[in-house]
Amino acid sequence: MPRRWVAAVACLFGLVALACESGGTAGPKPSDGPPARGTPTVMAALGDSITAGFGSCLMLSSCERNSWSTGDGLRVESHYQRLVDRNPKLRGKAHNHAVPGARATALAGQAEAAVRDRADYVTVLIGANDVCRDNVDAMTPVATFRSQVDQGLRVMRKGLPKARVLVVSIPDLYRLWEVGHTEPRAVRVWRHGICPALLADATSTAPADVARRARVRERIDAYNAQLKAACRAYGSRCRHDGGAVHRVRFTLDLVNALDWFHPNVAGQGRLADATWRAAGFD
């Protein structure tokens, strides 16, 4: 999202920053007995604002405690929360390297951080910002996207050869337009530059706008196909969510009411639920 708009709104909501603290940071109580077989001892999350929990703490800023992947707050049953129940040694060893605005080109650098962490479980959710550009012509080409994803995965395969990697599909952003373009509050906010390639002129039915949204939808589908193929090429240590996140039927009560785009606490919880089975720990 455009940094100047995010910064302005973040300042506006500065007075409610303390709300971020209300969820608490205590994780679940350690379970008795030895850790379950194959349970990680260090985990890392790679990606963009979604995995960073952006907008889930009543402010337009990262709120990692609510992340579907590594969150340690009380309001989201994240992968970390579920895993630390099985292996108390994981407590305090979940690293979130996701950065708001990150595109696939940033994945290799984030992967290097995961290698430094010596993570043995890594989640990857990337691609929304590759489509959420100022216009459709600025979207990352599919071949380039695949090359950048492969580069990031190569870093992990070389530096973390025994780690389990979970590659997650990109959410159905077109679905968000479908449910949000009739909500005046969402449309007003989207006009300030939220995912312009898709959400600009959200109420327009002009052929050019309909075609533009269709191109974004097609590009997301193409990226998701490449994410699945890249994970398959990685080998047996990589699992793909099988499109589970993309199939989530998002409603407006799963996104925050500040930018009407990023998942709120309930949305983060839905992402955790949708991806957990694919991780293969059950």
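Scroll up to find the structure.
What counts as what
- Residues numbered from 1 in each chain as written.
- Predicted model: local features only at pLDDT ≥ 70, side-chain atom pairs only at ≥ 80, totals over all residues.
- Heavy atoms only, no water.
- Buried < 20%, exposed > 50% of the residue type's maximum accessible area, 1.4 Å probe, protein only.
- Helix = DSSP H or I, 4+ residues; strand = E, 2+ residues; numbered from the N terminus.
- Pairing = 2+ DSSP bridges.
- Core = buried A, V, L, I, M, F, W, Y, C linked by side-chain atoms within 4.5 Å.
- Phe/Tyr/Trp six-rings, centres within 6.5 Å; stacked < 30°, edge-to-face > 60°.
- Lys NZ or Arg CZ within 6 Å of the ring centre and 35° of its normal.
- Contact = heavy atoms within 4.5 Å.
- Polar contact = N/O pair within 3.5 Å; in protein donor to acceptor, adjacent residues only side chain to side chain.

### Side note on the pairing of strand β4 (residues 164–167)
Logical step 1: Side chains Arg164 and Leu166 of β4 all project onto a buried face; the interleaved residues Val165 and Val167 project onto the opposite face, where all are buried too.
Logical step 2: Across four bridges, strand β3 (residues 121–125) lies against β4 in parallel orientation. When the sheet's bridge partners are listed, Val124 is paired in β4 with Val167.
Logical step 3: Sheet topology places β4 next to strand β5 (residues 238–240); three bridges connect them, and they run parallel. Within β5, the residue paired with Val167 across the bridge is His240.

### Quick word on the nonpolar core
A general tendency of soluble globular proteins is for nonpolar side chains to be buried together.
Logical step 1: Ranked by size, the top nonpolar core spans 52 residues in total, and within it Val122, Val124, Val149, Met156 and Trp190 carry the most contacts.
Logical step 2: For this core, the leading source of residues is helix α9 (residues 207–234), giving seven residues.
Logical step 3: If you look at the next biggest cluster of nonpolar residues, it comprises 21 residues, including Tyr80, Leu90, Val245 and Leu254.

### With respect to the packing of aromatic side chains
Logical step 1: For the structure on display, the rule yields four aromatic pairs.
Logical step 2: Here the aromatic rings of Tyr121 and Phe281 are separated by 5.0 Å at their centres, their planes lie at 85°, and the arrangement is edge-to-face. Here the residue Tyr121 occupies a position in strand β3, and Phe281 occupies one in the segment after α11 (265–279), the gap between them amounting to 160 residues. Summarising the burial analysis for this pair, Tyr121 and Phe281 share the class buried.
Logical step 3: Ring plane angle 20° and centroid distance 4.1 Å describe the contact between Phe145 and Tyr223, whose orientation is recorded as stacked. Of this pair, Phe145 sits in helix α5 (residues 142–159) while Tyr223 sits in helix α9, and the two are 78 residues apart along the sequence.
Logical step 4: Judged by its relative accessible area of 0%, Phe145 is buried.
Logical step 5: What makes Tyr223 buried here is its relative accessible area of 0%.
Logical step 6: Grouped by ring-pair contacts, the aromatic residues Tyr121, Trp276 and Phe281 constitute a single cluster.
Logical step 7: Looking at Arg157, its charged tip hangs above the ring of Tyr234, at a distance of 5.5 Å from the centre.
Logical step 8: A cation over an aromatic ring shows up here: Arg164 above the ring of Phe281, its NZ or CZ 4.1 Å from the ring centre.

### As for helix α6 (residues 173–180)
Logical step 1: In terms of burial, α6 is a largely internal element, six of the eight residues being buried.
Logical step 2: Along α6, the positions that sit buried rather than exposed are Leu173, Tyr174, Arg175, Leu176, Trp177 and Gly180.
Logical step 3: Contacts made by the buried residues of α6 are with α4 (128–131), α7 (184–190), α8 (196–199) and α9.
Logical step 4: With a side-chain oxygen lying 3.3 Å from the backbone nitrogen of Tyr174, the N-terminal cap of α6 falls on Asp172.

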